[in-house]
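Single-letter residue listing:
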Amino acid sequence: MNLHDFHEWSISDRESFWREQAYLIHWHKPFTKVLDYSKPPFARWFVGGETNLCYNAIDRHLSTRADKPALIWESTETGQSRSYTFRELQREVMRMAAIMQSLGVERGDRVVIYMPMIPEAVFAMHACARIGAIHSVVFGGFAAHSLASRIDDAAPRLIISADAGSRGGKVVPYKGALDEAIERAAHKPEHVLLVDRGLAAMPRMPGRDLDYAPLRERFLDAEVPVVWLESNEISYTLYTSGTTGRPKGVQRDVGGYAVALAASMKYIYCGNPGETFFSSSDIGWVVGHSYIVYGPLLAGMATLLFEGTPVHPDAGILWRLVERHRVSVMFSAPTAIRVLKKHDHALLTQYDTSSLRTLFLAGEPLDEPTARWISEGLGKPVIDNYWQTETGWPILTVARGVEDTPTRLGSPGMPMYGYDVRLLDIETGREVGPGEKGVVSIMPPLPPGCMQTVWGDDARFVNTYFGSLPDKLVYSTFDWGIRDADGYTFILGRTDDVINVAGHRLGTREIEEELVAHPAVAECTVVGMADALKGQVAIAFVVLRDARLADDPKQRLALEQDLLASVDRSLGAVARPARIVPIPALPKTRSGKILRRTIQALCEGRDPGDLSTIEDPAVLEMILAAVRPQG
Ligand code: ATP
Ligand code: MG
């Protein structure tokens, strides 16, 4: 079947389509109804069916591949590496589950996991899944303030953490932030389970804090049976990246998610049992949940858990890992690749990456020069995916497991099966034609794997996501898109990233694309700044490949003029940035997303708001210094 017919089928007859996909996983008890959509926009998938994510990811493979690798851990931070077969992974998960049960954790209880990228974090997530506890993983880089609000939102019985993580060779202690967060939070967990890596001092609070290692010894031989869960019970909650303000607790089910992931492994990522999948994301993000912890294992693949950064000890580390573990499928983010672009190109070809079939990138717009650079450098296809924490798996990409579809530079691809994607005019809600800009929207019901609701706040789910058009129930992604005549969709940026220069609405992405195409520019971002005359003007912040260029006034001026001329040529003079500011780095969220709104606030002299998710706050100072009126 070709991709078009496959997609047609998934939309015109959801029941038969998803019934067929449901058999990619094991059901302890068969479902009685594929879809219950009696209460729009809430969709319930595989009603009455009983299954378990941990069982499908681990136990199910024991009869065929018990002694094959399941979890491979590499830490370039501590120099450690470990590998667990499916049997060993099951053992560790049962030990963790037994500890959790001994601490009173039951089906439906929440467990907050605030951990670095260590195997115990994966054990903990699967242990929750195994016994029906709801995990809420909070990214390890978050500070006390953000952690506290998530603790209050989840109201966990147990928190699992560690003494420290490590980043770029520097130890990042966790326990202090955790204690402070619990102190601040109104909700107090009964217990805190701590993995002591021996990296940082870790005071324990008697009665509340417990050490993992001795408890693990106590439960060495524990057998913890799988708790079968109704498909619509909750597997986890996870907060969106927080690029645009107060994070939303995305709530996901069990059965729909398992089916959606298994299907994506088959049709999108094309991974086979026995192969290795490497996602360089973090377990604190949705990519980590879907494509480190669950997806690859569901497909019988080994998953590589990597504690480290793409440039430490050097910018060849990702490819060295590909070589060492014969990685077949890899998943990363455009940011990571743009960082590599600043380093020696030879590092791309120095390793034997022949096992690698495809590199998938997601999380933010993949600009053409970066896509071309990495694809040609590696000699591999690079496939962009567009999706959100809310959806759990790709909305737009190409599904090579269905049909060998060519990619188109700058576009993630087309709507995936299950997603009835429409581009809608932001004011009228009317569908726009090819070549016209519209809001990327999904006609409900959302397919399996997508969020069930906002944790504890059904009204926020309905109002936030389905409330943008007065007379239509449509899910809005809040991203702009444009479709070409062949159905390839291009993402132009977030609906609130549009700037209005003298009445012309410009997507900041279009200007960024133009600037980043210049060989001297590694990365850039464009924001709109209030201007008395024109309403708004564009300000461009550029990170140069060779930062020294900015130090020489003559070279700097020449580059600026070069950049402005290229914007003029391709987009017209209205799009021309009022200023081009070279800076050493861009402020990003911990997941690598550029914080445009924060930059904009700084430019306009406003309070930038909650900065807790920022990777490197020092960069903000540099921006402030650069935009502060001179003289
Ligand atoms: P918040 O919703 O809290 O503001 P966030 O939207 O950054 O945070 P995520 O769910 O991690 O949180 O990110 C999803 C968003 O990232 C998408 O809505 C889109 O704006 C952007 N995005 C993801 N993948 C792509 C891609 N391949 N191309 C372009 N944009 C992408
Ligand atoms: Mg979002």
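Residues numbered from 1 in each chain as written. Chains lettered and ligands numbered in written order. Predicted model: local features only at pLDDT ≥ 70, side-chain atom pairs only at ≥ 80, totals over all residues. Heavy atoms only, no water.

### Points about the overall build of the protein
Link 1 in the chain: Helix and strand counts for the protein stand at 19 helices and 32 strands.
Link 2 in the chain: Expected size for 631 residues packed as a compact globule is a radius of gyration near 25 Å; at 24 Å, the protein falls within 12% of this value.
Link 3 in the chain: Seen through its C-alpha atoms, the protein measures out along the principal axes to roughly 70 × 55 × 50 Å.
Link 4 in the chain: Counting all 631 residues of the protein, 61% fall into the buried class.
Link 5 in the chain: Of the contacts formed within the protein by residues at least 6 apart in sequence, a portion of 70% connects residues at least 24 apart.
Link 6 in the chain: About 23,300 Å² of surface is accessible on the protein, with carbon and sulfur atoms providing 51% of the total. (Helix = DSSP H or I, 4+ residues; strand = E, 2+ residues; numbered from the N terminus. Rg over C-alpha atoms; globule rule 2.2 N^0.38 Å. Buried < 20%, exposed > 50% of the residue type's maximum accessible area, 1.4 Å probe, protein only. Contact = heavy atoms within 4.5 Å. Areas by Shrake-Rupley, 256 points an atom, 1.4 Å probe, with all protein chains shown as cover.)

### Details of the sheet that holds strand S15 (residues 249-253)
Link 1 in the chain: Pairing within the open sheet is mixed, and its eight strands lie in the order S12-S11-S8-S6-S7-S14-S15-S25. In this open sheet, the two strands that pair with only one neighbour each are strand S12 (209-211) and strand S25 (453-454).
Link 2 in the chain: Bridging between strand S8 (residues 158-162) and strand S11 (residues 191-195) involves five bridges; their strand directions are parallel. Bridging across to S11, Ala-162 finds its partner in Val-195. (Pairing = 2+ DSSP bridges.)

### Looking at the pairing of strand S32 (residues 579-582)
Strand residues, when the strand is regular, have side chains that alternate between the two faces of the sheet.
Link 1 in the chain: As defined by bridge partners, strand S31 (residues 535-544) adjoins S32 across four bridges and the pair is classed as parallel. Bridge pairing in S32 places Ala-540 opposite Ile-580.
Link 2 in the chain: Taking the sense of rotation as the criterion, the β-α-β connection linking S31, helix H17 (residues 553-571) and S32 turns out right-handed. (Right-handed = clockwise from strand over helix to strand, strands pointing away.)

### A short note on unusual backbone geometry
Link 1 in the chain: At the junction of Pro-40 and Pro-41, the peptide bond is cis and its omega measures out at 0 degrees in the coordinates.
Link 2 in the chain: Checked against the element boundaries, Pro-41 lands in the loop between strand S1 (33-39) and strand S2 (42-47).
Link 3 in the chain: Along the chain, Pro-444 connects to Pro-445 via a cis peptide bond; the corresponding omega equals 5 degrees.
Link 4 in the chain: Following the sequence through the fold, Pro-445 ends up in the loop between strand S24 (437-442) and S25.
Link 5 in the chain: The phi angle at Phe-46 is positive, at roughly 60 degrees, despite the residue not being glycine.
Link 6 in the chain: By the secondary structure assignment, Phe-46 is in strand S2.

### Section: the packing of helix H5 (residues 86-102) against helix H6 (residues 119-131)
Link 1 in the chain: At a minimum axis distance of 8 Å, the contact between H5 and H6 shows a crossing angle of 70 degrees. Looking at the two axes, H5 sits roughly perpendicular to H6. Considering how the two elements wind past one another, H5 and H6 form a crossing that is right-handed. Counting all contacts with H5, which are made through Leu-89, Gln-90, Glu-92, Val-93, Met-94, Met-96, Ala-97, Met-100 and Gln-101, the residues of H6 involved are Glu-120, Phe-123, Ala-124, His-126, Ala-127, Cys-128, Arg-130 and Ile-131.
Link 2 in the chain: Class assignment of the residues belonging to the contact of H5 with H6 gives a composition of eleven nonpolar, three polar and three charged. (Axes fitted to C-alpha atoms, helices over the stretch in contact; angles between N-to-C directions. Parallel < 35°, antiparallel > 145°, perpendicular 65-115°, else oblique. Left-handed = near helix turned anticlockwise from the far one by under 90°. Nonpolar A, V, L, I, M, F, W, Y, C, P; charged D, E, K, R; others polar.)

### Here's the deal with the side chain of Asp-367
Link 1 in the chain: If you trace the backbone, Asp-367 turns up in the loop between strand S19 (358-362) and helix H14 (368-378).
Link 2 in the chain: A relative accessible area of 6% places Asp-367 in the buried class.
Link 3 in the chain: Side chain to side chain, Asp-367 and Arg-338 meet in a polar contact 2.6 Å long.
Link 4 in the chain: Excluding residues within four positions of it along the chain, Asp-367 makes contact with Arg-338, Lys-341, Arg-509, Glu-513 and Val-516. (Polar contact = N/O pair within 3.5 Å; in protein donor to acceptor, adjacent residues only side chain to side chain.)

### Topic: the sheet that holds S24
Link 1 in the chain: Taking strand neighbours across the sheet as the criterion, the four strands line up as S23-S24-S26-S27 in an open arrangement whose pairing is antiparallel. Only two strands of the sheet have a single partner each, and these edge strands are strand S23 (421-424) and strand S27 (489-494). Here the average twist between neighbouring strands, direction ignored, is 45 degrees.

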